[in-house]
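Next come the chains, spelled out residue by residue.
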Amino acid sequence: MRYRGLLEGKHAFITGASSGIGAAAARVFCREGAAVTLAARREERLSALVDELRATGCEAQYVVVDVVRKEQVEEGVARAVERFGRLDVAFNNAGVAAAGTPMHMMGDEVYDTVMDVNVRGMWNCLRHEISAMLDEGGSIVNTSSTAGLVATPVAAPYIAAKHAVIGLTKAVATEYAARGIRVNAIVPGATHSEMTDAWMAAFPGVEEELVRAALLPRIAEPEEIAEAAAWLSSDRASFVVGAAMPVDGGWTVR
Ligand SMILES: NC(=O)c1ccc[n+]([C@@H]2O[C@H](COP(=O)([O-])OP(=O)(O)OC[C@H]3O[C@@H](n4cnc5c(N)ncnc54)[C@H](O)[C@@H]3O)[C@@H](O)[C@H]2O)c1
C-alpha cells in the first residue's frame, strides 16, 4: 500500500513560520502532504520559504501577521480559509523569550512583550482557529516549552507565559474536544534557532549546562520538534487531547 503522508489532504496554518521550529514545521508539514498557510511578521523570509515549498510541489501561501494584533490574526485565518476552503490543523508556534535578568530587576516592558506574544498571541490565534474549525473539527498544537513545566532562574516572564500556554491548551481542549477539535501542546527542550543560539552565545556556559541536564546530551534541531508537531497534529494522534508532550531529550525527566 502507498505510504500516506501524516497530513495528506489537510490544510495547516503555522505561526512563527519565518524561522526556527516554525520554518522547519512548514517543510515537514508539506512533505507530509499538507497545504500550508505560513503566518509571521517577516515578509521576505516568508516569501522565500513559500517559493521553496512550491518548488517541491507543496501548495503554500503566506500571510503577514503579528499575533499580538487580533485584527491581523482574524484576517490571516480568514485568508487561509478562503484560499484552501477550510482549516484542519493549526500550529501556534510564534513566541519570544527573555532571560538573563533576575525578576526584581526585569523591566515591565519585558513582561509585557513576553506575555503579549506568547499568551495573548496564542489567545488571538486560538479564538479564530477554533471558530474556523467548529463545523468540521480539527487539530491544534500550541508551542510551550520545558519552561512551561519547570522553572529555572532569571526567566520569570517566559516561565509564566509558557505555563500559561499549557493552561490555555488544557482549558480549550476541555471546551472543544466534544466538538471534534483536539488541542495539545508541544514542549520543546533547548533547540537550535535564532532565539536560542543568540541566548547561548550571550551567556557562555549556558549551552553546556543545558546539555548536561538532558538524557540525550545535545541541543535539538528544529526539525526534531517539527516532526513531533506533525504527528501530534495528525489523525494518527487521534486519542491525544489536552496533553503537553515533551520533546526535550529527557530534560524534564529528572
Ligand atoms: N528554541 C528553543 O530552544 C525553544 C525551546 C522551547 C520552546 N521554544 C518555543 O518555540 C517557538 C519557536 O521558537 P524558535 O525557537 O523557533 O525561535 P525563532 O526565534 O526562530 O522563531 C520564533 C518565531 O516567532 C515569530 N514571532 C515572534 N513574535 C511574533 C509576533 N508577534 N507575531 C508573529 N510571529 C512572531 C518570529 O518571527 C519567528 O518566526 C517559540 O514559541 C519558542 O518559545 C523554543
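Whatever comes next refers back to the structure up there.
Residues numbered from 1 in each chain as written. Predicted model: local features only at pLDDT ≥ 70, side-chain atom pairs only at ≥ 80, totals over all residues. Heavy atoms only, no water.

Enquirer: So what exactly am I meant to see when it comes to the site of the ligand here?
Expert: Around the ligand, a shell composed of 28 residues is seen, among which Ser18, Ser19, Tyr158, Ser193 and Thr196 lie nearest. At 3.5 Å from an oxygen atom of the ligand is found a main-chain nitrogen or oxygen belonging to Gly95. Here the ligand loses 96% of its free accessible area of 810 Å² to cover by the protein chains. The set of elements that each furnish at least two residues to the shell around the ligand consists of helix H1 (20–31), helix H5 (156–176) and helix H6 (194–202). The greatest single-element share of the shell around the ligand, amounting to three residues, is contributed by H6. Within the shell around the ligand, the residues separate by chemical class into 10 nonpolar, 13 polar and five charged. (Near = heavy atom within 4 Å. Polar contact = N/O pair within 3.5 Å; in protein donor to acceptor, adjacent residues only side chain to side chain. Areas by Shrake-Rupley, 256 points an atom, 1.4 Å probe, with all protein chains shown as cover. Helix = DSSP H or I, 4+ residues; strand = E, 2+ residues; numbered from the N terminus. Nonpolar A, V, L, I, M, F, W, Y, C, P; charged D, E, K, R; others polar.)

Enquirer: Please clarify how a nonpolar patch on the surface should be interpreted in this entry.
Expert: A cluster of nonpolar side chains, namely Leu215, Leu216 and Val253, defines an oily patch on the protein surface of about 290 Å² accessible area. With respect to the secondary-structure elements, Leu216 resides in the loop between helix H7 (206–213) and helix H8 (222–233). (Patch = residues over 30% accessible without salt bridge, like charges linked within 9 Å, V, L, I, M, F, W, Y side chains within 5 Å. Salt bridge = Lys/Arg side-chain N within 4 Å of Asp/Glu carboxyl O.)

Enquirer: Even after reading the chapter, I still don't get the pattern of salt bridges, so can you show me in this structure?
Expert: Two side chains that carry opposite charge are able to pair once their charged atoms sit near each other. Tallied over the full model, the rule gives 11 salt bridges. Put simply, Arg69 and Glu71 hold a salt bridge, and the shortest N to O gap is 2.9 Å. Residue Glu71 is classed as partly exposed on the basis of its relative accessible area, which comes to 41%. Linked through salt bridges whose partners overlap, the residues forming this network are Arg31, Glu32 and Glu227. (Buried < 20%, exposed > 50% of the residue type's maximum accessible area, 1.4 Å probe, protein only.)

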